[in-house]
Amino acid sequence: MATLVTAIVRPHALDGVKNSLKAAGITGITASEVKGFGRQGGQTETYRGAEYKIDFLPKIKLEIIVTDDLVDTVISTISAAASSGKIGDGKIWTIPVGTLVRIRTGELGDEAV
Ligand SMILES: Nc1ncnc2c1ncn2[C@@H]1O[C@H](COP(=O)(O)OP(=O)(O)OP(=O)(O)O)[C@@H](O)[C@H]1O
Ligand SMILES: [Mg+2]
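The paragraphs below set out a description of the structure included in this document. Because the structure is a prediction, the values reported are computed rather than measured.

The rules behind these values
- Residues numbered from 1 in each chain as written.
- Chains lettered and ligands numbered in written order.
- Predicted model: local features only at pLDDT ≥ 70, side-chain atom pairs only at ≥ 80, totals over all residues.
- Heavy atoms only, no water.
- Helix = DSSP H or I, 4+ residues; strand = E, 2+ residues; numbered from the N terminus.
- Polar contact = N/O pair within 3.5 Å; in protein donor to acceptor, adjacent residues only side chain to side chain.
- Core = buried A, V, L, I, M, F, W, Y, C linked by side-chain atoms within 4.5 Å.
- Buried < 20%, exposed > 50% of the residue type's maximum accessible area, 1.4 Å probe, protein only.
- Contact = heavy atoms within 4.5 Å.
- Near = heavy atom within 4 Å.
- Areas by Shrake-Rupley, 256 points an atom, 1.4 Å probe, with all protein chains shown as cover.
- Nonpolar A, V, L, I, M, F, W, Y, C, P; charged D, E, K, R; others polar.
- Pairing = 2+ DSSP bridges.
- Axes fitted to C-alpha atoms, helices over the stretch in contact; angles between N-to-C directions.
- Left-handed = near helix turned anticlockwise from the far one by under 90°.

Along the polypeptide, Arg-10 turns up in the loop between β1 (2-9) and α1 (14-23). Reaching out from Arg-10, the side chain makes a polar contact with the side chain of Asp-89 at a distance of 2.9 Å.

Next up, the structure:
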């Protein structure tokens, strides 16, 4: 079975997270530029050394499909690479993948990861 791991991280954490995930053997990552806010809402949060008091801050959304045996590794790897200990470090969540297809070969499920 395959699982989709979604993570929201700070933009400056992206390179470190990517390198750590590649070192852990992850073969594919989708990264998107997104905006978001967490439970502090309009409170100030630091971004690139400046304090902002706005609802939405730039974040990166990572989507990583892995076989189930790698889910814990992916979560701990992202956590370690993206943590500063300050508010706004982000979140990670998982969703079971239904159908997964590698378009080129027609492979399905775990073989298509
Ligand atoms: N409940 C949520 N649903 C969807 N996205 C969320 C949620 N909480 C946080 N996010 C996303 O994660 C980003 C970072 O959230 P953040 O780290 O501030 O969460 P938090 O719960 O407020 O934790 P902290 O107290 O450490 O700041 C947000 O900008 C948003 O994009
Ligand atoms: Mg927050």
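Judged by nonpolar contacts, the single largest core of 15 residues is most densely connected at Ile-64, Val-74 and Ile-78. Contributions of two or more residues to this core are made by β1, α1, β5 (57-67) and α2 (71-82). Setting aside anything within four residues of it in sequence, one finds Ile-78 in contact with Val-5, Ala-7, Val-9, Val-17, Leu-21, Ile-64 and Ile-92. The next biggest cluster of nonpolar side chains, apart from the first, holds 5 residues, and it includes Ala-2, Val-97, Leu-100 and Ala-112.

Neighbouring ligand 1 are Ile-8, Gly-36, Phe-37, Gly-38, Arg-39, Gln-40, Lys-59, Ile-87, Gly-88, Asp-89, Gly-90 and Lys-91. Between Asp-89 and ligand 1, the recorded distance is 3.4 Å, taken from a backbone N or O atom to an oxygen atom. Contact with the protein chains covers 70% of the free accessible surface of ligand 1, which is 600 Å². Looking at side-chain class alone, the shell around ligand 1 contains 3 nonpolar, 5 polar and 4 charged residues.

Think of a sheet as strands paired side by side through backbone hydrogen bonds, with each pair either parallel or antiparallel. Pairing within the open sheet is antiparallel, and its 4 strands lie in the order β2-β5-β1-β6. Two strands close off the open sheet at either side, each with one partner strand: β2 (30-36) and β6 (91-96). For this sheet, the mean inter-axis angle between neighbouring strands, taken without regard to orientation, is 25°. Bridge count for β1 against β5 is 8 bridges, and the pairing is antiparallel. For Ile-8, the partnering residue across the bridge sits in β5 and is Lys-61.

So, on to the packing of α1 against α2. When two helices pack together, their arrangement is captured by the angle between the axes and the distance separating the axes. Between α1 and α2, the shortest axis-to-axis distance is 9 Å and the interhelical angle comes to 145°. Judged by the twist between their axes, the crossing of α1 over α2 is right-handed. Each of Gly-16, Val-17, Ser-20 and Leu-21 in α1 lies in contact with α2, whose residues at this interface are Val-74, Thr-77, Ile-78, Ala-81 and Ala-82. Grouping the constituent residues of the contact of α1 with α2 by class yields 6 nonpolar, 3 polar and no charged.

Everything listed is a geometric property; what it means functionally is a separate question.
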